[in-house]
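Chain by chain, the residues:
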Amino acid sequence: MNIRIGQGIDVHQLVPGRKLILGGVDIPSEVGLLGHSDADVLLHAIIDALLGAAGLGDIGQQFPNTDKTWKDASSLDLLARVWGTIQTKGWRVINIDASVLLEAPKIGKFIPEMKVKIANILGISVDCIGIKATTSEGLGYVGRGEGALAQAVVLMSC
Ligand code: MG
């Protein structure tokens, strides 16, 4: 059996007047993530982990922020497109583990819904997906509420 690991990391700025979408879930918030797409920092980290494991570059190469096609794109759609490419090569996901660093709002109660959305796209069980939320204890840009960071690792086999 061929086994691959991949990791991804992403950062987006938090600003007023944008939706806060994490793991494909629209979370009530006075600030949201700024980006060319919906700026779903968690899904972007997962996409980069998948692309890295598959040796297919990164999200910026797949969906350039200079391409109007991806303006305000749903990152669930981007994940589905990436997975569509990777699964044709015979890969399946064994598990994903991800962390989101965000000072506010609290997102814990939305994590089960995020897992369902991701699991449905990847064709895996929700218990193969780990998503954790943490703050940075007031330190740095995350602590000041200026942005959010997400990191993900994925294990795949074929
Ligand atoms: Mg991003």
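For clarity, every value in this text was computed on a predicted model and none was experimentally measured. (Residues numbered from 1 in each chain as written. Predicted model: local features only at pLDDT ≥ 70, side-chain atom pairs only at ≥ 80, totals over all residues. Heavy atoms only, no water.)

### Some thoughts on the coordination of the magnesium ion
Ideal donor angles around a metal are set by the shape: a four-donor tetrahedron calls for 109.5 degrees, a six-donor octahedron for 90 or 180 degrees.
Then step 1. The magnesium ion binds to the protein through Asp10 (OD), His12 (NE2) and His44 (ND1), with metal-donor distances spanning 2.2 Å.
Then step 2. Mapped onto the sequence, the donors of the magnesium ion take the spacing D-x1-H-x31-H. A residue pair is termed long-range when its members are at least 10 positions apart, and Asp10 in strand S1 (residues 3-16) and His44 in helix H1 (residues 41-54) qualify at 34 residues.
Then step 3. Exposure remark for Asp10: the relative accessible area of 17% places this residue in the buried category. (Donors = N, O, S within 2.8 Å, 3.2 Å for Na, K, Ca; no water. Helix = DSSP H or I, 4+ residues; strand = E, 2+ residues; numbered from the N terminus. Buried < 20%, exposed > 50% of the residue type's maximum accessible area, 1.4 Å probe, protein only.)

### Observations concerning the side chain of His12
Then step 1. On the secondary structure map, His12 appears in strand S1.
Then step 2. Residue class for His12 comes out buried when judged on its relative accessible area of 14%.
Then step 3. A polar atom in the side chain of His12 sits 3.0 Å from the side chain of Asp10.
Then step 4. A distance of 3.3 Å separates the side chain of His12 from the side chain of His44, its partner in a polar contact.
Then step 5. Those residues within four positions of His12 in sequence are excluded, and the remaining contacts are Leu33, Leu34, Gly35, Ala39, Val41, His44, Gly147 and Ala148. (Polar contact = N/O pair within 3.5 Å; in protein donor to acceptor, adjacent residues only side chain to side chain. Contact = heavy atoms within 4.5 Å.)

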